[in-house]
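Understanding the architecture of this molecule
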Amino acid sequence: MTSPLKNLRILYLEDEPMDIELSIAMLKEHGYQPIHTIVESKQAFQKALENSEFDVILADFNLPSFDGLSAINLYQNYDLDIPFILVSGTVGEELAVQCLKAGALDYVLKSSLSRLGPVVTRALRESDERRHRQLAEEELKRSQKQLQLLLDNSIDVIWQMDLKLNFTYVNPAITEIFGFTVEEWVGTNLSQHATPKEFLKMAKHAFGAIKEYRDFKKATFYAVMLRKDGSSVPVEIVGKLLLNDNGLPYGLQGSTRDISNRLEDKRKLEQSEARLRVLYNQSPDMYATVDGQTGKILMCNQTLLDVTGYIRTEVQGIPVFKLYHYDCLRKAKNVFEQFMKTGN
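Now for a look at the structure at hand. (Residues numbered from 1 in each chain as written. Predicted model: local features only at pLDDT ≥ 70, side-chain atom pairs only at ≥ 80, totals over all residues. Heavy atoms only, no water.)

Running from amino to carboxyl end, helix α2 (residues 42-51) crosses helix α3 (residues 68-76) at an angle of 30 degrees, the nearest separation of the two axes being 11 Å. The pairing of α2 with α3 is recorded here as roughly parallel in orientation. In this structure, α2 meets α3 at a crossing whose hand is right-handed. Contacts from Lys 42, Phe 45, Gln 46 and Leu 49 of α2 reach α3 at Ala 71, Leu 74 and Tyr 75. The residue makeup of the contact of α2 with α3, split by class, is five nonpolar, one polar and one charged. (Axes fitted to C-alpha atoms, helices over the stretch in contact; angles between N-to-C directions. Helix = DSSP H or I, 4+ residues; strand = E, 2+ residues; numbered from the N terminus. Parallel < 35°, antiparallel > 145°, perpendicular 65-115°, else oblique. Left-handed = near helix turned anticlockwise from the far one by under 90°. Contact = heavy atoms within 4.5 Å. Nonpolar A, V, L, I, M, F, W, Y, C, P; charged D, E, K, R; others polar.)

Once that is clear, we can look at the packing of aromatic side chains. Counting across every chain of the model gives seven aromatic pairs. Between Tyr 75 and Phe 84, the ring centres sit 5.2 Å apart and the planes meet at 50 degrees, which makes this aromatic pair tilted. Summarising the burial analysis for this pair, Tyr 75 and Phe 84 share the class buried. Pairing Phe 178 with Trp 185 gives two aromatic rings, centres 5.1 Å apart and planes at 40 degrees, and the pair type is tilted. When sorted by exposure, Phe 178 lands in the same class as Trp 185, which is buried. (Phe/Tyr/Trp six-rings, centres within 6.5 Å; stacked < 30°, edge-to-face > 60°. Buried < 20%, exposed > 50% of the residue type's maximum accessible area, 1.4 Å probe, protein only.)

Attention now goes to the environment of Gln 76. Structurally, the position occupied by Gln 76 is in helix α3. Take Gln 76: its relative accessible area is 39%, and that puts it in the partly exposed class. Separated by 27 residues in the primary sequence, Gln 76 and Gly 103 place their C-alpha atoms 7.1 Å from one another.

Attention now moves to helix α8 (residues 196-211). Across its 16 residues, α8 extends 22 Å between first and last C-alpha, which sits within 8% of the 22 Å expected from 1.5 Å per residue. Those residues of α8 that fall on the buried side of the exposure criterion are Glu 198, Phe 199, Met 202, Ala 203, Ala 206, Ala 209 and Ile 210. End-on view of α8: buried residues confined to an arc of 125 degrees, all on one side of the axis. Exposed positions of α8 whose direction lies more than 90 degrees from the buried face are Pro 196, Lys 197, Leu 200, Lys 204 and Lys 211. Packing partners of the buried residues in α8 comprise β8 (219-226), β9 (232-243) and β10 (249-258). (Expected span 1.5 Å × (residues − 1). Arc of directions from axis to C-beta.)

This is the structure:
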């Protein structure tokens, strides 16, 4: 049971002082310290709702100018998360049901005021649980919104598929990379987006993961898929299994990244390195690549071999200073040491 509040702020719609006194006494016996505001009319009740904060509302059903059902309807207009409890002398079953449907949390007969403390405690506990649940739901909505924002703005295709390799979800990046809308892609099979050879390669990874689901963690591999216009796009695929509460696979999820630019950059780099190797090897000057720690030759061009008379296997691994004449050796070492210190 929720611990009683040190102070209990009560809005009490009641015109009988004796009933108020008895109700307050019952709440004190239950461990509460009531701080009560007494109102007897619609206007006073409305003003209190607008200008004060309360933990619970208690209301008699029968007042000379106002009744409990009207009070409940007025209370509902303010969208307050405050328990509303009827405390009345006589409430017929049909009328009680009507009040509960209108928004009252419970009702207590004045002939059974000993129930008031437990009813208030339960009402406060349920109200507290409801607020926590609402906060959790709001936090979940915020998290889902943030996740959706990340998915919608990802440059990678984020996907899910069932065990038959039918796509059940893709994010909007599918349009940028493959030219399909989300609606066009969802429901299609992986086999529709690759050549038979490439599909078999991807399916092998997928079914292998499903087969070894107890030990499988994640797979990263490369493949070639097809755009809507039929052109090829090289991709990097990262995939993992979706497992149910029993640890059994029910689908796959992962990401697919277009690596066209990466492969193009790699091709250009390889071409540049190839041109540099040609220039290096065909230069009329002698060139050698030397280990900065040991001073040993790692590689050299053909000109150095022609001038020194070494063959390539002989020169690789020997100290570069071995190639210098004794008269130049000290100067060469100084230059080398200076270069290692300053880079110049």
